Amino acid sequence: KTGRLWPSAQVDGPGFDRWDALVSDIANDQCVPVLGPGLVESALGSRREMARAWAERHEFPLAPRDRDDLAQLAQYLAYRQSKNLAIDELRRLLVVHMRNTYRGELEEIGARLGRDLLNQPINKGICNELIMQIGQEQRRRDPHDVHCVLAQLPVRVFITANRDNLLGDALREAGRTPRVLLCNWILRNDAPVPIGPRLP
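Reading the values: the criteria
Residues numbered from 1 in each chain as written. Predicted model: local features only at pLDDT ≥ 70, side-chain atom pairs only at ≥ 80, totals over all residues. Heavy atoms only, no water. Helix = DSSP H or I, 4+ residues; strand = E, 2+ residues; numbered from the N terminus. Expected span 1.5 Å × (residues − 1). Buried < 20%, exposed > 50% of the residue type's maximum accessible area, 1.4 Å probe, protein only. Arc of directions from axis to C-beta. Contact = heavy atoms within 4.5 Å. Salt bridge = Lys/Arg side-chain N within 4 Å of Asp/Glu carboxyl O.

Chemist: Any chance you could explain helix H3 (residues 47–58) here in plain terms?
Modeler: Every α-helix carries 3.6 residues per turn, so stepping three or four residues along brings you back to the same face. Under the 1.5 Å per step criterion, the end-to-end length of H3 is 16 Å for 12 residues, consistent within 8% with the ideal 16 Å. Turning to H3, its buried residues are Met-50, Ala-51, Trp-54 and Ala-55. The buried residues of H3 occupy an angular sector of 135° when the element is viewed end-on, so they sit on one face. Residues of H3 that are exposed and point more than 90 degrees away from the buried face comprise Arg-48, Glu-49 and Glu-56. At the exit of H3 stands Glu-59, carrying a positive phi of roughly 50°.

Chemist: Explain the side chain of His-147 here, please?
Modeler: With respect to the element layout, His-147 can be found in helix H8 (residues 146–152). Using a relative accessible area of 6% as the deciding quantity, one classes His-147 as buried. With sequence-adjacent residues up to four places away left out, His-147 is seen in contact with Leu-39, Val-40, Arg-139, Leu-166, Leu-167 and Ala-170.

Chemist: What am I meant to see in the pattern of salt bridges here?
Modeler: Close approach of charged atoms allows side chains with opposite charge to pair. Evaluation of the coordinates by the stated rule reveals 11 salt bridges. With a closest N to O distance of 3.9 Å, Glu-105 and Arg-141 form a salt bridge. Of this pair, Glu-105 sits in helix H6 (residues 103–113) while Arg-141 is found in helix H7 (residues 126–141), placing the two residues 36 residues apart along the sequence. Each of the salt bridges in this network shares a partner with another, and the network as a whole consists of Glu-105, Glu-108, Arg-112, Glu-137, Arg-140 and Arg-141.

This is the structure in structure tokens:
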């Protein structure tokens, strides 16, 4: 029901100690990287902080532990108000965060493109546009950007739970041709319910 592939686990101890095994698995084409939302929190903002801001703004009558759960709050807002309001609110939170965090970069990018990315209305498409432009700029400035590094790995399949196209963009920049598939776990009469854009 949650879409989780496995239960969350807390790692105790000094840290990850299987680097040699991981490098060997990658070299032998036995690795499928699974990318989660923590990978892009620096660019898109903390889901917990967004959830808390949302909970305060709408005075959600939820238990304190649920006020950190962005998905729970989105479901509540969609149920109590409307799905469109939930989407609009989330878009606004993301755009405001990116504009505040990357003001200088967006001014430079906007000047190159001849567009004002900082004052454009917050409507459909602007969130993806900002993510794409910021990601492109980060990869251009930092060859060790996580998506650059991932795109260079000899890996054939990636699984991502992220809503962005940063990995696909990085793969294309690295001269690869990614084929993107959306995984649906929502079923109706034992058939997947199509969500999102139609992909080639």
